[in-house]
2 protein chains.
Amino acid sequence: MADYVYTFAAGKAMGHAGLKDLLGGKGANLAEMCGLGIPVPPGFTITTEVCTHFHSHGGRYPDGLQQAVERALDGMAELMGARFGDPAAPLLVSVRSGARSSMPGMMETVLNVGLTSRTLPALVAKTGNPRFVYDAYRRLIAMYADVVMEKAEGIEPEEGEGIREQLDRLLEAVKSKHGYATDADVEADQLEALCAAYRARVKEVLGKPFPDDPHEQLWGAIGAVFRSWNGKRAVHYRRIEGIPDHWGTAVNVQAMVFGNMGPTSATGVAFTRNPATGEATFYGEWLPNAQGEDVVAGIRTPYALNDACRTDVNRELPTLEEAMPAAYRELVAIRDKLERRYRDMQDIEFTIQEERLWMLQTRTGKRNGPAALRMAVEMVDEGLIDRREAIRRLRPEQLDELLHARVDPQDARIETPIARGLPAGPGGACGIIVLTADRAEALGKEGRQVILVRAETSPEDVHGMHAAQAIVTARGGMTSHAALVARGWGKTCVVGCGELDIDLKSGTIQVGNVTLREGDWLTVDGTRGQVYAGKLKLIESNPGDNPQLAALLAWCDEVRRLGVRTNADSPEDAAQARRFGAEGIGLCRTEHMFFDETRIQAMREMILADREAERARALEKLLPYQKEDFKGILRAMDGLPVTVRLLDPPLHEFMHLDDKQIAELAAATGKSVEAVRARLESLHEANPMLGHRGCRLGISYPEITRMQARAILEAAAELRREGVDARPEIMVPLVGAPAELRHQKKVILEVAAEVKAETGDAELPVFVGTMIEVPRATLLAAEIAAEADFFSFGTNDLTQLTCGFSRDDVGTFLPLYLEQEIYPEDPFASLDQTGVGQLVELATERGRGARPELKVGICGEHGGDPASIAFFHRAGLDYVSCSPYRVPIARLAAAQSALDDG
Amino acid sequence: MADYVYTFAAGKAMGHAGLKDLLGGKGANLAEMCGLGIPVPPGFTITTEVCTHFHSHGGRYPDGLQQAVERALDGMAELMGARFGDPAAPLLVSVRSGARSSMPGMMETVLNVGLTSRTLPALVAKTGNPRFVYDAYRRLIAMYADVVMEKAEGIEPEEGEGIREQLDRLLEAVKSKHGYATDADVEADQLEALCAAYRARVKEVLGKPFPDDPHEQLWGAIGAVFRSWNGKRAVHYRRIEGIPDHWGTAVNVQAMVFGNMGPTSATGVAFTRNPATGEATFYGEWLPNAQGEDVVAGIRTPYALNDACRTDVNRELPTLEEAMPAAYRELVAIRDKLERRYRDMQDIEFTIQEERLWMLQTRTGKRNGPAALRMAVEMVDEGLIDRREAIRRLRPEQLDELLHARVDPQDARIETPIARGLPAGPGGACGIIVLTADRAEALGKEGRQVILVRAETSPEDVHGMHAAQAIVTARGGMTSHAALVARGWGKTCVVGCGELDIDLKSGTIQVGNVTLREGDWLTVDGTRGQVYAGKLKLIESNPGDNPQLAALLAWCDEVRRLGVRTNADSPEDAAQARRFGAEGIGLCRTEHMFFDETRIQAMREMILADREAERARALEKLLPYQKEDFKGILRAMDGLPVTVRLLDPPLHEFMHLDDKQIAELAAATGKSVEAVRARLESLHEANPMLGHRGCRLGISYPEITRMQARAILEAAAELRREGVDARPEIMVPLVGAPAELRHQKKVILEVAAEVKAETGDAELPVFVGTMIEVPRATLLAAEIAAEADFFSFGTNDLTQLTCGFSRDDVGTFLPLYLEQEIYPEDPFASLDQTGVGQLVELATERGRGARPELKVGICGEHGGDPASIAFFHRAGLDYVSCSPYRVPIARLAAAQSALDDG
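Please read these numbers as outputs of a predicted model, since none were measured by experiment. Sequence order as written defines the numbering, with residues in each chain counted from 1. Here the convention is simple: chains get letters from A, ligands get numbers from 1, in the order in which they are written. Per-residue local features of the predicted model are confined to residues with pLDDT of at least 70, and side-chain atom pairs are confined, for both listing and counting, to 80 or more; whole-chain, interface and lining totals are unaffected and use all residues. Values reported for side chains reflect all heavy atoms of the structure, with hydrogen atoms and water molecules removed beforehand.

**A short note on the overall build of chain A**
Here comes step 1: Only runs of H or I of at least four residues qualify as helices and only runs of E of at least two qualify as strands under DSSP, and these elements are numbered from the N terminus. Helix and strand content of chain A: 34 helices and 34 strands.
Here comes step 2: Seen through its C-alpha atoms, chain A measures out along the principal axes to roughly 105 × 60 × 55 Å.
Here comes step 3: Within chain A, the fraction of its 902 residues that count as buried is 59%.
Here comes step 4: The contact rule is simple, with two residues in contact once any of their heavy atoms fall within 4.5 Å. Long-range pairs, those at least 24 residues apart, make up 68% of the contacts in chain A with a sequence separation of at least 6.
Here comes step 5: Of the roughly 35,500 Å² of accessible surface on chain A, a fraction of 48% belongs to carbon and sulfur atoms.
Here comes step 6: Charged residues are defined here as Lys and Arg on the positive side and Asp and Glu on the negative side; His and the ends of the chain fall outside this count. Where a charge lies is defined by one atom per residue type, namely NZ (Lys), CZ (Arg), CG (Asp) and CD (Glu). When the 102 basic and 131 acidic side-chain charges of chain A are each reduced to a single mean position, those positions are 2 Å apart. Summary of the burial criterion: residues with accessible area below 20% of their type's maximum are buried, those above 50% are exposed, and those between are partly exposed, where the area comes from a 1.4 Å probe applied to protein chains only. Here, Shrake-Rupley sampling with a 1.4 Å probe gives the accessible areas, and only protein chains in the shown set may cover a residue.

**Brief notes about the side chain of Asn546 of chain B**
Residue and element names in this part refer to chain B.
Here comes step 1: Structurally, Asn546 is set in the loop between strand E26 (538–539) and helix H19 (547–559).
Here comes step 2: For Asn546, a relative accessible area of 18% puts it in the buried group.
Here comes step 3: For the purposes of these results, a polar contact is taken to be a pair of N or O atoms within 3.5 Å, where, inside protein, one atom must be able to donate a hydrogen and its partner to accept one; residues adjacent in sequence count only when each atom of the pair is a side-chain atom. At 3.1 Å, the side chain of Asn546 forms a polar contact with the backbone nitrogen of Gln548.
Here comes step 4: In this structure, Asn546 is in contact with Leu373 and Leu402, ignoring residues within four places of it in sequence.

**Overview of the environment of Pro325 of chain B**
All names here are of chain B.
Here comes step 1: Mapped onto the secondary structure, Pro325 falls in helix H12 (residues 325–342).
Here comes step 2: For Pro325, a relative accessible area of 37% translates into the label partly exposed.
Here comes step 3: Measuring from C-alpha to C-alpha, the distance between Pro325 and Ile391 comes to 37 Å, with 66 residues separating the pair along the chain.

**Looking at the interface of chain B and chain A**
Here comes step 1: Each partner contributes residues to the interface: chain B has 47 residues there, and chain A has 47 residues.
Here comes step 2: In total, about 4,000 Å² of surface goes out of reach between chain B and chain A, with carbon and sulfur atoms giving 55% of it.
Here comes step 3: Three residues, Asn687, Leu690 and Arg776 of chain B, lead the burial of chain B against chain A; their summed loss comes to 15% of the area buried on that side.
Here comes step 4: By convention in these notes, a salt bridge is any Lys or Arg side-chain nitrogen within 4 Å of a carboxyl oxygen on Asp or Glu. Across the contact surface, chain B and chain A share four salt bridges.
Here comes step 5: The salt bridge involving Glu681 of chain B is made with Arg475 of chain A; its shortest N-O contact spans 3.4 Å. Once two parts are brought into contact, the accessible area they lose, counted with a 1.4 Å probe and summed over both, makes up the buried area.

**Considering the relation of the copies chain B and chain A**
Here comes step 1: Superposing chain B onto chain A takes a rotation of 179° plus a shift of 0.0 Å along the axis, which leaves an RMSD of 0.3 Å. Taken together, the rotation angle and the small translation identify this as a two-fold axis. No C-alpha of chain B lies nearer the rotation axis than that of Asn687 of chain B, which sits 2.1 Å from it.
Here comes step 2: Most of the interface of chain B is mirrored in chain A, where 100% of its interface residues again form contacts. Fitting of the copies onto one another was done by least squares over C-alpha atoms, counting residues only where both copies have pLDDT of at least 70.

**Here's the deal with helix H13 (residues 369–381) of chain A**
All names here are of chain A.
Here comes step 1: Between the first and last residue of a helix there are one fewer steps than residues, each counted as 1.5 Å, and that sum is the expected span. With 13 residues, H13 extends 19 Å between its outermost C-alpha atoms, agreeing within 8% with the 18 Å of an ideal straight helix rising 1.5 Å per residue.
Here comes step 2: Within H13, ten of the 13 residues are buried, which leaves it mostly tucked inside the rest of the structure.
Here comes step 3: Residues of H13 that are buried in the fold lie against helix H12 (325–342), helix H14 (387–392), helix H15 (398–403) and helix H19 (547–559).
Here comes step 4: With a side-chain oxygen positioned 2.9 Å from the backbone nitrogen of Ala371, the residue opening H13 is Asn368.

**Focus: a negative patch on the surface**
Here comes step 1: On the surface, Asp185, Glu187, Asp189 and Glu192 of chain A cluster together to form a negatively charged patch.
Here comes step 2: Its location among the elements puts Asp189 of chain A in helix H7 (residues 188–206). The patches described consist of residues with a relative accessible area above 30% and no salt bridge, like charges being joined within 9 Å and nonpolar side chains (Val, Leu, Ile, Met, Phe, Trp, Tyr) within 5 Å.

**Describing the sheet that holds strand E2 (residues 12–13) of chain B**
Hydrogen bonds along the backbone pair up the strands of a sheet, which may run parallel or antiparallel.
Residues and elements named next belong to chain B.
Here comes step 1: Strand pairing is assigned whenever DSSP identifies at least 2 bridges connecting the two strands. With antiparallel pairing, six strands are arranged side by side in an open sheet as E2-E1-E3-E8-E6-E7. In this open sheet, the two edge strands, each paired with only one partner strand, are E2 and strand E7 (109–113).
Here comes step 2: Pairing between strand E6 (residues 93–99) and E7: three bridges, direction antiparallel. The partner of Val95 across the bridge, within E7, is Val110.

**Overview of helix H24 (residues 673–683) of chain B**
Because the α-helix completes a turn every 3.6 residues, residues three or four places apart line up on one side.
Residue and element names in this part refer to chain B.
Here comes step 1: Among the residues of H24, those classed as buried are Val676, Leu680 and Leu683. Projection of H24 onto a plane perpendicular to its axis shows the buried side chains occupying an angular sector of 60°, all on one side.
Here comes step 2: Structurally, H24 contributes buried residues whose contacts are with helix H21 (597–608) and helix H23 (659–669). The directions considered for the arc run from the helix axis to the C-beta atoms.

**Some points on the sheet that holds strand E16 (residues 422–425) of chain B**
Residues and elements named next belong to chain B.
Here comes step 1: Strand order in this open sheet of eight strands is E15-E25-E24-E17-E18-E19-E20-E16, and the pairing throughout is mixed. The two strands at the open ends of the sheet, each matched to only one other strand, are strand E15 (419–420) and E16.
Here comes step 2: In the sheet, strand E18 (residues 450–454) pairs with strand E19 (residues 470–473) via four bridges, with the strands oriented parallel. Across the sheet, Arg454 pairs through a bridge with Thr473, a residue of E19.
Here comes step 3: Axis definition: a line fitted to C-alpha atoms, limited for helices to the stretch in contact. Angles are taken between N-to-C directions and run from 0 to 180 degrees. Here helix H18 (residues 481–488) sits on the sheet in contact with E16, E19 and strand E20 (492–495), set at roughly 165° to E20.

**Some thoughts on the side chain of Glu32 of chain B**
Residues and elements named next belong to chain B.
Here comes step 1: Along the chain, Glu32 falls in helix H1 (residues 20–35).
Here comes step 2: On the accessibility criterion, Glu32 (8% relative accessible area) is buried.
Here comes step 3: The contacts of Glu32, once residues within four sequence positions are left out, are His16, Ala17, Arg341 and Tyr342.

**A closer look at the pattern of salt bridges**
Residue and element names in this part refer to chain B.
Here comes step 1: Summed over the entire model, instances satisfying the criterion amount to 140 salt bridges over all chains.
Here comes step 2: Across the salt bridge formed by Glu382 and Arg273, the nearest N and O atoms sit 2.6 Å from each other. Within this pair, whereas Glu382 is found in the loop between helix H13 (369–381) and helix H14 (387–393), its partner Arg273 is found in the loop between strand E9 (266–271) and strand E10 (283–288), the two being separated by 109 residues in sequence.
Here comes step 3: When its relative accessible area of 42% is taken as the criterion, Glu382 is described as partly exposed.

**Focus on the packing of H13 of chain A against H19 of chain A**
All names here are of chain A.
Here comes step 1: Direction vectors running N to C along H13 and H19 enclose 70°, while the axes themselves pass 10 Å from each other. Between H13 and H19, the angle falls in the class roughly perpendicular. Handedness of the H13/H19 crossing: left-handed. On H19, the residues that touch Leu373, Arg374, Val377, Glu378 and Val380 of H13 are Gln548, Leu549, Leu552 and Trp555.
Here comes step 2: Polar here means any residue outside two lists: the nonpolar Ala, Val, Leu, Ile, Met, Phe, Trp, Tyr, Cys and Pro, and the charged Asp, Glu, Lys and Arg; Gly therefore counts as polar. In terms of residue class, the contact of H13 with H19 is built from six nonpolar, one polar and two charged. Note on angle classes: values under 35 degrees are labelled roughly parallel, values over 145 roughly antiparallel, values of 65 to 115 roughly perpendicular, and the remainder oblique. Left-handed describes a crossing whose near helix is turned anticlockwise from the far helix by less than a right angle; the clockwise case is right-handed.

**A closer look at the pairing of strand E8 (residues 249–255) of chain A**
One face of the sheet, then the other: side chains in a regular strand alternate in exactly this way.
Residue and element names in this part refer to chain A.
Here comes step 1: Among the seven residues in E8, seven count as buried, and that is most of the element.
Here comes step 2: Sheet topology places strand E3 (residues 43–46) next to E8; four bridges connect them, and they run antiparallel. For Thr45, the partnering residue across the bridge sits in E8 and is Asn252.

**Points about the packing of helix H3 (residues 65–80) of chain A against helix H8 (residues 214–228) of chain A**
All names here are of chain A.
Here comes step 1: At a minimum axis distance of 13 Å, the contact between H3 and H8 shows a crossing angle of 115°. For the element pair H3 and H8, the recorded crossing hand is right-handed. Across from Leu65, Gln66, Val69, Glu70 and Leu73 in H3, the residues of H8 making contact are His215, Leu218 and Trp219.
Here comes step 2: Tallied by class, the residues present in the contact of H3 with H8 amount to five nonpolar, two polar and one charged.

**Re the environment of Ala88 of chain B**
Here comes step 1: Tracing the sequence through the fold places Ala88 of chain B in the loop between strand E4 (83–84) and strand E5 (90–91).
Here comes step 2: Put simply, Ala88 of chain B and Asp901 of chain B are 813 residues apart on the chain and 59 Å apart in space, counted from C-alpha to C-alpha.

**Description of the packing of aromatic side chains**
Residue and element names in this part refer to chain A.
Here comes step 1: Any two rings among Phe, Tyr and Trp, with Trp reduced to its six-membered ring, count as a pair given centres within 6.5 Å; such a pair is stacked if its planes are under 30 degrees apart, edge-to-face if over 60, and tilted if neither. One pass over the full model with this rule turns up 34 aromatic pairs over all chains.
Here comes step 2: A centroid spacing of 6.2 Å and a plane angle of 65° characterise the contact between Tyr137 and Phe210, whose relative ring orientation is edge-to-face. With Tyr137 in helix H5 (residues 130–151) and Phe210 in the loop between H7 and H8, this pair connects stretches of sequence that are 73 residues apart. Phe210 carries the same exposure label as Tyr137, and that label is buried.
Here comes step 3: Here a set of aromatic residues connected by ring pairs shows up, and it is made of Phe54, Tyr61, Trp219 and Phe226.
Here comes step 4: Whether a charge lies above a ring is judged from NZ of Lys or CZ of Arg, which has to be within 6 Å of the ring centre and within 35 degrees of the ring normal. One cation-aromatic arrangement involves Arg238 over Trp229; the distance from NZ or CZ to the ring centre is 3.8 Å.

**Quick look at the pairing of strand E29 (residues 641–645) of chain A**
All names here are of chain A.
Here comes step 1: In terms of burial, E29 is largely enclosed, as five of its five residues are buried.
Here comes step 2: Where burial is concerned, the two faces of E29 agree: the one with Pro641, Thr643 and Arg645 and the one with Val642 and Val644 are both buried.
Here comes step 3: As defined by bridge partners, strand E28 (residues 585–589) adjoins E29 across three bridges and the pair is classed as parallel. Residue Ile585 lies in a different strand from E29, and its bridge partner there is Val642.
Here comes step 4: As paired strands, E29 and strand E30 (residues 727–732) are joined by five bridges and run parallel to one another. The residue of E30 that forms the bridge with Thr643 is Glu729.

**Quick word on the state of the cysteines**
Here comes step 1: Here, the term disulfide refers to a pair of cysteine sulfur atoms separated by no more than 2.5 Å. Applying the stated criterion to the full structure yields zero disulfides over all chains.
Here comes step 2: Cysteine Cys882 of chain A remains unbridged, with the sulfur of Cys859 of chain A as its closest cysteine sulfur at 11 Å.

Next comes the structure, spelled out in structure tokens:
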């Protein structure tokens, strides 16, 4: 039979840190510390198995538990020179929950258990401090009545006021009667009387007396902790965090120690390294003559542990090192011991009772991104951990803090955003509000910092978006135009801020009752999706100049299997991504290249053309531009593959024209204004996402494909003559039928043959593949693979079609869906693995089945999402492609996925 | 070793009708006739295996073929008293192709083979008719040079003019020189000279002489026929018809007989029953002293076979019965013999050479729908076939001709439509053009026949559509609004007529150079998708009064496994569908119910509501209307299931408002005009198909679902109290996640519990299921089935999402896609079995796996398409649901699918 009770005392512990499943995190760490010889108040842990038994047997404990607890209490008595319930030398205990993984505040705690009418006098005698004793007793009664007698019994308080509130009112009455400001002013005899009043009120309200038997108190507290595992809050928390119900909680019973027993007592919390910077210095706060909760409650200003962590507010207050040098030295030794043992930064709690140091808790400490990086790399240098472990130590999202400036979390205004939206581009930025792209560009040229705020953005806004520090839109989702473009440039962006009511005419933004004007300062937190009025403090970043980041990412590259490419449409973006470690371009969109003034004119002429010859003439004008674009990108990616997607958007995206532009276009093309209008009208579609776009354009107008293929291949051929290793791959978008790819491939191969003949470059590499973004394509992947050198999942459109969600319109219901947990996550932010993921797996399997050498990648926005990257790794893809600023994150996520494999 | 050559002569045949695979259709039927003792010119068939061998051995024949052919020719010689190549008594033969299934005109034929300089004189002497002989010789040279020497050799004619055209010009030159009107005017000596000129020209152009050796001619012709199997036209035809390349063609070599050897010779074609009416009377045409092609060429007016088939044009001309009574009697006896043997109507060809009757061909004859039905039912009565065979005899589409009026195919104008579109609603209709729904309604009330012509239709046009004889739209696909509504009412409809340029202001339609005006007559052929100017002749139908149709469909019901329901939104449609045999309603759309004047007002108030209470108030107004609608439909379907779909379309479909209406609505709801406008604006979506619709509405506004569920269930409860067996099934649309259905089901079950309590009807049936129309739902079908009593595939939306096609915009590229065979068929007309079909199968399998009793149906437009119905049968669905006028077709198609199972 397994033990139900694990004792720990004086350097001897039945458990250790490896028994978290059985003892919970807290219990396992207490046992571990005890085993390491670290002073821990003696006690014992009742295992999680007892919790499971308790709940599966109608609240009954397994046989033998009571005896085991008694034995453990006996053991504590020997060590402490005090015995639980002994009227002469009473021992008090704390009863705390402790599950496998931390569930902060979700379960119950009862302190000071063991105080009864019979044990009180001895304690008063022993401490000579009746105020301290009656205060402890008062706290016990209140806590116990609330946790054990009311909540754990499932008693619903009448009129919404629980027993705790009622008892608190008694205390308040005393304070107001005597004009006391704080609890500390209440005197000993007043507290004693209050305890009597508490007990009377408990009996009156709950119908039974507060137990005056220490064992009844103890078992009541233990049962209440076990019951709290199935409390409403705890169950809800488990649902969210995905913690299984059957895990259960352990119960930790431990001798009470007090930091509030006078000037030689103290309490504190510390981190073994600085959690804000990662620096390897001991960092913490303490308070003399105080209880643990006083340090965190913020009523008294905490003192610094040592010189290194003094701040402005406690510069004049003594450090622990100064005030209690012996205890401090002991604490430093424990810090070193814990770091060596846990090989990670620890978050510890300690109490000093009359000069004696007791450790109450150790656990792995939370840290921000820069700190996580620094600790991981330095711990490798120190030999504490290996490189693989260092890789595991950073959550990929934490890299964002290194790659982008961010809003200072210490800025108090961070609690009061004026609007919330979707976190489309991480980072923080400040600037003055501008409402049009042209104005953003103009002010940007003057060196002003601007935030572009739009209802939504379109390709015509990109110059203004480029000039802005950040972009905010009222509409759109995680893959809306604004989101895509912003992420591509690593720009801060919040989309779908439905609360913003933008009035271009008056140049104002209405948000609830607040009116903002063009020129007002705005701060955008794109990591959290929040917008603030005014100029908040930012923390800058400089990823390019961070050798620790470079080191960690290099280690990642050693272990990952998944390639990491980037989505880039310009030589600048390509170069930036290459600096971030991109191994090629997975998606080069060609349509953005057409929005320049001169080019869009030719584009529009092409669209207006009535005949193929006319169209071909307009396309001929575009050819040299396209070729130059491709040369720039291919050159920046010398030696690496560049996947170029052929024209994808519906043609009307190029035709947002006002009356004047229509007249000009009519004049330029020699058509009537009516004819131009009629053509514009004919381009209108009810659902453009499902309309005449992608390869449907290339099949309707093969001359477009021909021009683009020629531009790509001529660019490559010319670069190769210069000695550049240009490696273009041509990608056909929106294929849903094998014959579509066959058609476009034929056109491309014809052009390739021409270019090879014209340039004499017989070795010119010609790869033709396709986006897999239409559900039908995943079903027919075998047949399509027969025509394709590569697949690249376009998971944005695949998600739109598989879920039936328009990324532009999803704001009308997706927030509600996420709130109601109809979808666990925004499927445009993190791949819908249960749905869309099935199609990714299916297409990969069928495609490779038909063509084992098929290269399979993904170039949707999910290529930069760590959870999605882990999925793509498991699905066996060859690479992910993401925006330049996500490349480091993808490298890390890919490495972690590889480590997870074994 | 198998025989390569199958002879038939004088009642003895090696083959029979069952050997079509080996002998081709023509050869097998010739053998069969011969075996039945029917006079057939003797001959032999070279098997399809020889064709396969020929093509797989570089044009070489298998060993022994030559000897077998020689032996067969010897056999013919004995019978005909003439020998192939014998200068004294020469035998001429025809060489014809004949594949397993008819490929009309796709392969080659050579006639009069065996005419050479050495055999000509004897034939002239024997016939005493040099003109006849030289004309035959001239034809042989022309045909042979073309088919054998040019085409089969793959010679590309220079300048586009083939040898045949050149030889024809020689003939034309003679005619014009002598002023002859027809070929028949050319005299014998002129023909003899022409033959010499032909031979010279052949040698000059093709570089070798026309062969003067009969065996060389014969083998040349045989080879040419085999080669023509792989000719461009034949290969293309096989691709379209799905005929495998390896089938090959047989070659039929047969003694020539001549119907043009004088007044005792004749030729004719006949059907064993009337192919236009199905009447069991012998029906055909003949010509004295003529060749077969003369009958069909239409140069001479053909004579009637007998009194019964005389027409206005040949009333004065003698019938075959009158002119050649003996031959006619023999022919009648053969007709009876063939019908008994083939148990089907035969299409035969015969030639009478100098009073002797020869049968040249028999094959199953083509017939129209009404004829097919009559023949099938009468043949069962006659005991020729059984009921199962009768069911197989009708193509489901042929029922359309019985269910709808149609444009008379005899009307000459049928060849010149002014516009073509998609055949969205079968049948034919005439009416005057109207361009607005209101005008259609107004004129309809005056009893005028009108055709409503619109760019596209919306729910606001339905009153005008109802009043119109037919609907024509310039835009939209097979599942556009116009198409759906028209099919629902069995109305003729052509959609996507892109050529129509409608100008509402001037009240005109421009089609190319033609201008039509409101009030002009128009004829619409919705079966073929064609539109005609003017009033063409129609053939009316009266399906309700057709006992043969009723009988056949009753036989169908005996054998089919698949249930047939209907899509109906009104009591009238429901009753009509029930008369057509619908076994329930598979899809009752509820949104159409809101377009009535008073209702749409409440609907709009609901949409404008800011708060739930306001919305609930507006919905309360709608409740009694909805309940009455459901009562009407449930009553009409007494005892049968009625699947009601909850509100599906995006709300903006109810909000097409002009300025006046906006002002009125603002006044009615006490909101400002700006507020109403803002709400309208906020309803705008980039891609409404993928937007806020379906269950997304019901989840955002559960009170809508609550109102609809209440209306349905109260309607059912009230009817049940009246003794009506109401069986509602509630269908949640657009589910993509299990939690969506869970949410809506919970709302519905809450309402159900309330209604049960209120009405005291504890047995009230409550079934809740879902449309499967989002690809994700098919992938998660197991989880969704856990919540669903039934699935109903919404294949319209499933097709849109799986293929990424907007049904409203597909006109921009789908016609090109069909032309280029990128998709074999319009996936909105016939289910895309290779793509969408995979998801249907997957969802059915997974859904039933999770819940074996799950009822699975389909309610998309594909439910009325025979090919799709066969697929749904194979996929194991429980029922299909289609528009009322497709119900008979679905019953037939379902029965045929069941028969195909074995």
